[in-house]
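These are the residues of each chain, in order.
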2 protein chains.
Amino acid sequence: MLPVAAGFGGRTSWRRWAALSRARAGCRAYVSGEAALYRAHGEPEKVISVEHVQMEQPGPHDLIIKFLASPINPADINMIEGVYPVKPATPAVGGNEGVAVVEHKGRAVKSFNRGDWVIPARPGLGTWRTRAVVPEWDLAHVPNDIPLDAAAMLAVNPASAYRMLQDFVTLLPGDYIIQNAANSTVGKCVIQLAKHMGVKTINVVRDREDLDSVKEDLDDLGADFVVTESLLAGKDYAREFAKVPKPVLALNAVGGPSATNIARALAPNGTLVTYGGMSKKPVTLPTGLLIFQNIVSRGFWLSRWTENTAPIDRDTMIMHLASLIREGRLKVGPSKRISFTDLPATLADRSRGKVLIEFDDDRFAATKAYIS
Amino acid sequence: MLPVAAGFGGRTSWRRWAALSRARAGCRAYVSGEAALYRAHGEPEKVISVEHVQMEQPGPHDLIIKFLASPINPADINMIEGVYPVKPATPAVGGNEGVAVVEHKGRAVKSFNRGDWVIPARPGLGTWRTRAVVPEWDLAHVPNDIPLDAAAMLAVNPASAYRMLQDFVTLLPGDYIIQNAANSTVGKCVIQLAKHMGVKTINVVRDREDLDSVKEDLDDLGADFVVTESLLAGKDYAREFAKVPKPVLALNAVGGPSATNIARALAPNGTLVTYGGMSKKPVTLPTGLLIFQNIVSRGFWLSRWTENTAPIDRDTMIMHLASLIREGRLKVGPSKRISFTDLPATLADRSRGKVLIEFDDDRFAATKAYIS
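Residues numbered from 1 in each chain as written. Chains lettered and ligands numbered in written order. Predicted model: local features only at pLDDT ≥ 70, side-chain atom pairs only at ≥ 80, totals over all residues. Heavy atoms only, no water.

**Q** Break down the overall build of chain A for me, with residues and values.
**A** Helix and strand content of chain A: 15 helices and 18 strands. Out of the 372 residues in chain A, the part that is buried amounts to 56%. In chain A, the proportion of contacts linking residues at least 24 apart, taken out of those at least 6 apart, comes to 71%. (Helix = DSSP H or I, 4+ residues; strand = E, 2+ residues; numbered from the N terminus. Buried < 20%, exposed > 50% of the residue type's maximum accessible area, 1.4 Å probe, protein only. Contact = heavy atoms within 4.5 Å.)

And the structure:
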């Protein structure tokens, strides 16, 4: 059995953890579980394996948490590949997001109780595992009266959508925004959160065979307009949207011509926020758009926001998003659920969509957390 | 003789002026002069002609001003070509910048006296002419104890350099900035103003035969580093500048790979400000630079700044720049002086550099301003 560091991959290196472990002479690790481990960076399906591991003995500020569900996000993949700007020391546990239940708390733990639902306070925790021993400051609360799916997926995609609607432009009811990749999880959250704010959305989706059903889905969430990339790129867009107020904010997860086109659609002084680059093409803006239209081009990275934000402010956002979920105003769900044992096979599937790993397998119920 | 509107080309159309003129029945225009007129947009050397014109009779709030010197700026050319976002109604007088002396003031004029030096308060005045009749609110003061060249060229290039150093990033002594087109008039002003602020400059210039003499010129102005575009584009830049703090501000007048490369050279959270596009290529930023490095890409347009600024604040800036010129800290000069009659020939010369039109020709001294 392989001991696994509990802390943030990017912060407490494996080497350092091993040193700490050795220093605590006489400690016996007696919490164990299954974890999706990688020992080297590379293609996730090749480097990830689900293994039985034993964990560090919990200290007075530690919790033992049992994961309930964890999504697969694009950043998780990039981090395993080693192409993400945060590169955890290996061996590391995959996954950065997920919801867990508190099974045990150390005697000095003040903020959490047994049975509480918790989520990682920052990226890097390693959420693709059945159990973890984690210091309390690495966790945050999430209400346990919302659907498990939503709790597991709240902290990354809905939070990103929420921040991008809050942090760049003061959006007033009646304002317009435009976004590409509108059919992504973030895109769908943007539609719903904007609707709640009274903000109108122009939603750009790829030209596709199932366009009608995608349009219907987005309409159901409250999309005001759904347009294809090819319509946006041509002259018809200007004609069709001649009487629609120009958007003040554009959200870009694609790059390349798509990013240029949503920037062109902006009102003067508008802001283009880039949070993804699905086309793997850079963001290109004509000089005149910058100089004469005063378009501002910025980037958004949730990890940076989290890093620069007081825990109480993040908690407030999580509670707010949870309340929107509770009220039925914000729906967040995976397109596919898998059992933890299916993780390696799922990672090999490039068309996987938004996947939620569920840890309710009997095999994992047998995982032990002996606490005296 | 052709009557010419005195006001801002973009604001008071020719048609409207003619109507106003007709309305003032019995008025006789009795101020005349030579003006570089264009009746249609097109190539400047083809559409501009220097003609003798008569002007509207000055009203109580008007001044008669006699131009002393006016530069040719790139925006002047673009405006005549009709490719500038501000497109004056034709016939219009070329030129947006220049210094004039007050010859006569209307009885209600409070801010100016005979003999004062004045500059346009905004773009669009039409400065390529010997005399103009202008309402006082279209003019601003410039001190008349600085060199005429500097006074004529203060309001556009040095002002742009000054604003870009003031308005985007709080620059502290010891901070670094990077700019391309460092050998331009704006570039040279940036070097001198940055030096005065204690800010270090990395100056990118095109690879060229006279590189040594360009380097020497920029060194003399106070440049900390001068590098070529090809050095910046290659791997040597990172090695050579490994121990130099990364710049917090990048100023781009070129676009294309040059803009991308100065953006790449920025420190995290740095700002790229685009104020020109000499390469006619757009500004392209890798997605990661926006998301993970948090680089902000913005545009600067002096006309917008002027439009949004109280006259007193612009006056304050002009006085400050004039004081730097007086102290010898800021040197601004044309690379070539021409007589007004040579203007059409000069416009045809693509390699003209920074040209200053001087109006001291005997022929123009004979231009009349009869005031009772």
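**Q** Mind laying out the UniProt feature "domain: Enoyl reductase (ER)" (unreviewed entry) in chain A, listing which residues take part and the relevant values?
**A** Within this structure's numbering, the places UniProt gives as "domain: Enoyl reductase (ER)" (unreviewed entry) are residues 42-357 of chain A. Helix makes up 33% of residues 42-357 of chain A and strand 24%. Its end C-alpha atoms lie 21 Å apart. (UniProt positions renumbered as here; feature names shortened; annotations may be inferred.)

**Q** Can you explain the packing of aromatic side chains? Please cite residues and give values.
**A** Considering all chains together, one arrives at 18 aromatic pairs over all chains under this definition. Plain terms: the ring middles of tryptophan 301 of chain A and phenylalanine 292 of chain B are 4.7 Å apart, the flat faces sit at 80 degrees to each other, and that makes the pair edge-to-face. Highlighted residues: tryptophan 301 of chain A in the loop between strand 16 (296-299) and helix 12 (302-307) and phenylalanine 292 of chain B in the loop between helix 11 (287-291) and strand 16 (296-299), drawn from two different chains. Look at tryptophan 301 of chain A and you get buried, because its relative accessible area is 14%. Relative accessible area serves as the criterion here: at 28%, phenylalanine 292 of chain B is assigned to the partly exposed category. Pairwise contacts between aromatic rings join Tyr176, Phe225, Tyr237 and Phe241 of chain A into one cluster. (Phe/Tyr/Trp six-rings, centres within 6.5 Å; stacked < 30°, edge-to-face > 60°.)

**Q** Account for the relation of the copies chain B and chain A, naming residues and giving values.
**A** Rotating chain B by 180 degrees and moving it 0.0 Å along the rotation axis overlays it on chain A with an RMSD of 0.0 Å. A rotation of that kind, with that shift, is consistent with a two-fold axis. Closest approach to the rotation axis among the C-alpha atoms of chain B is made by threonine 284 of chain B, whose C-alpha sits 2.1 Å away. Interface residue correspondence from chain B to chain A reaches 100%, placing this contact among same-surface, isologous pairings. (Least-squares fit on C-alpha atoms with pLDDT ≥ 70 in both.)

**Q** So, the packing of helix 5 (residues 157-166) of chain A against helix 13 (residues 311-326) of chain A: which residues are in play, and what are the values?
**A** Residue and element names in this part refer to chain A. For the pair helix 5 and helix 13, interaxial distance at closest approach is 11 Å and the crossing angle is 105 degrees. The angle between the axes of helix 5 and helix 13 places the two elements in the roughly perpendicular class. Together, Pro158, Ala159, Tyr162 and Arg163 of helix 5 and Met317, His320 and Leu321 of helix 13 make up the contact between the two elements. Across the contact of helix 5 with helix 13, the residue classes break down as 5 nonpolar, 1 polar and 1 charged. (Axes fitted to C-alpha atoms, helices over the stretch in contact; angles between N-to-C directions. Parallel < 35°, antiparallel > 145°, perpendicular 65-115°, else oblique. Nonpolar A, V, L, I, M, F, W, Y, C, P; charged D, E, K, R; others polar.)

**Q** Residues and numbers for the domain arrangement of chain A, please.
**A** All names here are of chain A. For chain A, the assigned domains are domain 1 (2-148 + 334-371) and domain 2 (157-303). Taken together, the contacts link 6 residues of domain 1 with 4 residues of domain 2. Roughly 390 Å² is buried in total at the junction of domain 1 and domain 2, and carbon and sulfur atoms are behind 51% of that figure. By the criterion of area lost to domain 2, the three top residues of domain 1 are Tyr84, Pro123 and Lys354, representing 65% of everything that side buries. Taken together, the connections running from domain 1 to domain 2 amount to 0 salt bridges. The interface formed by domain 1 and domain 2 holds 1 residue pair in polar contact (both at pLDDT 80 or more) in total. In the side of domain 1 that touches domain 2, the residues fall into 4 nonpolar, 1 polar and 1 charged. (Domains from an automatic or database assignment. Buried area = accessible area lost by both parts, 1.4 Å probe. Salt bridge = Lys/Arg side-chain N within 4 Å of Asp/Glu carboxyl O. Polar contact = N/O pair within 3.5 Å; in protein donor to acceptor, adjacent residues only side chain to side chain.)

**Q** I'd like a description of the side chain of arginine 129 of chain A, backed by residues and values.
**A** Residue and element names in this part refer to chain A. Within the secondary structure layout, arginine 129 lies in the loop between strand 7 (117-120) and strand 8 (131-135). Despite its burial, arginine 129 pairs with no opposite charge, the nearest such side chain being aspartate 138 at 8.4 Å. In terms of polar contacts, arginine 129 uses its side chain to reach the backbone carbonyl oxygen of leucine 125, at 2.8 Å. Of note is the side chain of arginine 129, whose polar atom sits 2.8 Å from the backbone oxygen of glycine 126. (Lys, Arg positive; Asp, Glu negative; His and termini not counted.)

**Q** I'd like to hear about the environment of alanine 242 of chain A, residue by residue, with values.
**A** All names here are of chain A. Examined against the element boundaries, alanine 242 turns out to sit in the loop between helix 9 (236-240) and strand 13 (249-252). For alanine 242, a relative accessible area of 58% gives the class exposed. Alanine 242 sits 135 residues away from arginine 107 along the chain, and the two C-alpha atoms are 64 Å apart.

**Q** Would you mind going over the pattern of salt bridges in detail, with residue names and values included?
**A** Summed over the entire model, instances satisfying the criterion amount to 24 salt bridges over all chains. For glutamate 43 of chain A, the salt bridge identified is with lysine 46 of chain A, shortest N-O distance 3.3 Å. Note on lysine 46 of chain A: relative accessible area 64%, which makes it exposed. Ionic pairing is found between arginine 239 of chain B and aspartate 236 of chain B, a salt bridge with its closest N-O pair at 3.1 Å.

**Q** Residue-level account of the environment of asparagine 180 of chain B, with values.
**A** All names here are of chain B. Checked against the element boundaries, asparagine 180 lands in the loop between strand 10 (176-179) and helix 6 (185-197). On the basis of relative accessibility, which here comes to 0%, the residue asparagine 180 falls in the buried class. Sequence-distant contacts of asparagine 180, defined by excluding residues within four places in its chain, comprise Val204, Glu229, Leu251, Asn252, Ala253, Val254, Ser258, Ala259, Ile262 and Tyr275. One polar contact links asparagine 180 to asparagine 252, side chain to side chain, over a distance of 3.0 Å.

**Q** Go over the pairing of strand 8 of chain A with me, naming the residues and quoting the values.
**A** All names here are of chain A. Most of strand 8 sits out of view: 5 of its 5 residues are buried. In strand 8, alternate side chains face the same way, and those of Arg131, Val133 and Pro135 on one face and Ala132 and Val134 on the other are all buried. As defined by bridge partners, strand 4 (residues 62-72) adjoins strand 8 across 5 bridges and the pair is classed as antiparallel. Within the sheet, the bridge partner assigned to isoleucine 65 lies in strand 8 and is alanine 132. (Pairing = 2+ DSSP bridges.)

**Q** Lay out the environment of valine 31 of chain A in plain terms, naming residues and giving numbers.
**A** Residues and elements named next belong to chain A. Counting through the fold element by element, valine 31 comes out in strand 2 (residues 31-38). By relative accessible area, valine 31 is classed as buried at 0%. Separated by 27 residues in the primary sequence, valine 31 and proline 58 have C-alpha atoms spaced 8.4 Å apart.

**Q** Can you tell me about the interface of chain B and chain A, naming the residues and giving the values?
**A** At the interface, 26 residues of chain B touch 26 residues of chain A. Across the chain B/chain A interface, buried area totals approximately 2,100 Å², and carbon plus sulfur atoms make up 61% of it. For the chain B face of the interface with chain A, the top three residues by lost area are Leu290, Ile291 and Phe292 of chain B, together amounting to 27%. Where chain B meets chain A, there are 0 salt bridges. Across the contact surface, chain B and chain A share 8 residue pairs in polar contact (both at pLDDT 80 or more). Elements represented by at least two residues in the side of chain B that touches chain A include exactly strand 15 (283-285), helix 11 and strand 16 of chain B. At 4 residues, the largest contribution of residues to the side of chain B that touches chain A is made by strand 16 of chain B. Of the residues contributing to the side of chain B that touches chain A, the split by class is 14 nonpolar, 9 polar and 3 charged. Of the pairings in the sheet, the one linking strand 15 (residues 283-285) of chain A to strand 15 of chain B comprises 3 bridges and is antiparallel in character. Across the sheet, the residue bridging to threonine 284 of chain A is threonine 284 of chain B, located in strand 15 of chain B.

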